[in-house]
Amino acid sequence: MAETPVLADPVDVDEEEAEEEYAPRLRLSRRGIVVLSALGALLLGALGWLVFLSSVLDVRVVAVQGLTGDKLTAHQVTDALGGGQHGPLARVDLDEAERRVQALPRVARAEVWRGWPHTLRIKVVERRAVAAVRTEDGKYTQVDAAGFGFATEDEPPTGVPVVELALSQQANDALPVFGKPELVRAAVTVAAGLPREVAKQVGAVRVHSYDDIQLQLADGVVVRWGSAERTERKAQVLAALLPRKAKIYDVSAPDAPGIGG
């Protein structure tokens, strides 16, 4: 006997379709959409007013980090901001704030960012003197490794060599070609290339001519350096020679150095 096929009850199918057809659906009218859009715009407007115009999120603290001594103070840094340290934190022009801080002579680099809800944070990197150049009025201008003079004081800083121009007659005759600024830059290049432990022992960098630069160590020892060329290599050779006691070290030809006395 053949099996009788089982069919779905047509009444049941119709009932399911009817339920789906009459199921409640969430639909917004145009008026509802307009109302929700208005509420969203109102919320965004209130949030914008709160952040950018009100005093609720004003700058209340300027936090400065990276200061290494008493020559550059947090007060000087905050003063450089001008009006940028007041008003809503969100409206502070960070690029402009960085430019203002970096305009301070003792600042090599600055980074400014927001510390919500009320703090403007500034990180500074101070310039480090590698040499002090004696000026015509007897003072000393501190110069960093890039050759930038950033401070002039009555005395050179401790542990920093003093650049002295003791030009030979030949060097004076050649000043139209190698002027004093170029000779000073050559001396600063030498000072900047010295390892710190060596730089602390150097009292002066004496320039007799473009290719006759000498270091005067604190204990009277003389280092014949030659020109500012190959300064890095010469500094390595000098550091290796210093443990050998001598009165004169000659690294002007670093591949064939010499000592004397």
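Things to note about the nonpolar core
- In terms of nonpolar packing, the biggest core is built from 35 residues, with Leu-215, Val-223, Trp-225, Leu-238 and Tyr-249 touching the most fellow members.
- Of all the secondary structure elements, the ones that give two or more residues to this core are β4 (131-134), α6 (180-192), α7 (196-199), β8 (202-209), β9 (212-217), β10 (222-226) and α8 (231-241).
- The residues contacting Leu-215, other than those within four sequence positions of it, are Val-190, Leu-194, Val-202, Ala-204, Val-205, Val-221, Val-222, Val-223, Trp-225 and Leu-238.
- The next biggest cluster of nonpolar side chains, apart from the first, holds 16 residues, and it includes Val-59, Val-77, Leu-89 and Ala-97.

Regarding the sheet that holds strand β2 (residues 107-115)
- The strand order across the open sheet formed by three strands is β1-β3-β2, and the pairing between neighbours is mixed. In this open sheet, the two strands that pair with only one neighbour each are β1 (61-65) and β2. On average, each strand axis in the sheet is tilted by 20° relative to the strand beside it, whichever way the strands run.
- In the sheet, β2 pairs with strand β3 (residues 119-126) via eight bridges, with the strands oriented antiparallel. Bridged to Arg-109 within β3 is Val-125.
- Seen against the sheet, helix α4 (residues 94-102) touches β2 and β3 and runs at an angle of roughly 150° to β2.

Points about the pattern of salt bridges
- Within the structure shown, the criterion is met by ten salt bridges.
- Note that Asp-154 is salt-bridged to Lys-139, the shortest N-O span being 3.9 Å. Placement of the pair is Asp-154 in the loop between β6 (149-153) and β7 (162-165) and Lys-139 in the loop between β4 and β5 (140-143), with a sequence separation of 15 residues.
- For Asp-154, a relative accessible area of 51% corresponds to the exposed category.
- Taking the relative accessible area as the measure of exposure, Lys-139 reaches 34% and is therefore partly exposed.
- Between Arg-185 and Glu-182 there is a salt bridge whose closest N-O contact spans 3.4 Å. Of the two residues, Arg-185 and Glu-182 are both situated in helix α6; the distance of three residues between them amounts to about one turn of the helix.
- With a relative accessible area of 48%, Arg-185 lands in the partly exposed category.
- Taken together, the shared-partner salt bridges in this structure form one network comprising Lys-71, Arg-106 and Glu-153.

Quick word on a nonpolar patch on the surface
- Taken together, the side chains of Val-177, Phe-178 and Tyr-210 present a nonpolar region at the surface, about 270 Å² in accessible area.
- Taking relative accessible area as the criterion, Tyr-210 reaches 31% and is therefore assigned partly exposed.

Observations regarding the side chain of Thr-141
- The topology assignment puts Thr-141 in strand β5.
- A polar contact is formed between the side chain of Thr-141 and the side chain of Thr-152, at a distance of 3.0 Å.
- Leaving out residues up to four positions away in the same chain, Thr-141 has contacts with Ala-131, Ala-132, Val-133, Thr-135, Gly-149, Ala-151 and Thr-152.

Brief notes about the environment of Ala-228
- Within the secondary structure layout, Ala-228 lies in the loop between β10 and α8.
- Note on Ala-228: relative accessible area 15%, which makes it buried.
- In sequence terms Ala-228 and Asp-212 are 16 residues apart; their C-alpha atoms lie 8.9 Å from each other.

Describing the packing of aromatic side chains
- The tally for this structure, following the rule as stated, stands at one aromatic pair.
- Judged by centre distance (4.5 Å) and plane angle (15°), the rings of Phe-178 and Tyr-210 are stacked. Note that Phe-178 is positioned in the loop between α5 (169-173) and α6 and Tyr-210 in the loop between β8 and β9, a separation of 32 residues in sequence.
- Here Arg-127 stacks its cationic end above the ring of Phe-148, 4.1 Å away from the centre of that ring.

Here we look at the confidence of the model for the chain
- Across the chain, pLDDT averages 86, with 81% of residues at or above 70.
- Model confidence for the chain, summarised as mean pLDDT per element, is weakest for helix α1 (residues 10-21) at 50 and strongest for β10 at 98.

A closer look at the sheet that holds β9
- A sheet is described by the order of its strands in space; here nine strands give the open sequence β6-β5-β4-β7-β8-β9-β10-β11-β12, paired in mixed fashion. Strand pairing shows two members of the sheet lacking a second neighbour, β6 and β12 (258-260), which therefore form its edges. Here the average twist between neighbouring strands, direction ignored, is 25°.
- In this sheet, β5 lies alongside β4 in antiparallel orientation, the contact comprising four bridges. Opposite Ala-131, over in β5, you have Val-143 as the bridge partner.
- Where α8 meets the sheet, its contacts fall on β9, β10, β11 (248-250) and β12, and the angle it forms with β10 comes to roughly 155°.

Parameters at a glance
Residues numbered from 1 in each chain as written. Predicted model: local features only at pLDDT ≥ 70, side-chain atom pairs only at ≥ 80, totals over all residues. Heavy atoms only, no water. Core = buried A, V, L, I, M, F, W, Y, C linked by side-chain atoms within 4.5 Å. Buried < 20%, exposed > 50% of the residue type's maximum accessible area, 1.4 Å probe, protein only. Helix = DSSP H or I, 4+ residues; strand = E, 2+ residues; numbered from the N terminus. Contact = heavy atoms within 4.5 Å. Pairing = 2+ DSSP bridges. Axes fitted to C-alpha atoms, helices over the stretch in contact; angles between N-to-C directions. Salt bridge = Lys/Arg side-chain N within 4 Å of Asp/Glu carboxyl O. Patch = residues over 30% accessible without salt bridge, like charges linked within 9 Å, V, L, I, M, F, W, Y side chains within 5 Å. Areas by Shrake-Rupley, 256 points an atom, 1.4 Å probe, with all protein chains shown as cover. Polar contact = N/O pair within 3.5 Å; in protein donor to acceptor, adjacent residues only side chain to side chain. Phe/Tyr/Trp six-rings, centres within 6.5 Å; stacked < 30°, edge-to-face > 60°. Lys NZ or Arg CZ within 6 Å of the ring centre and 35° of its normal. pLDDT = per-residue confidence, 0-100.

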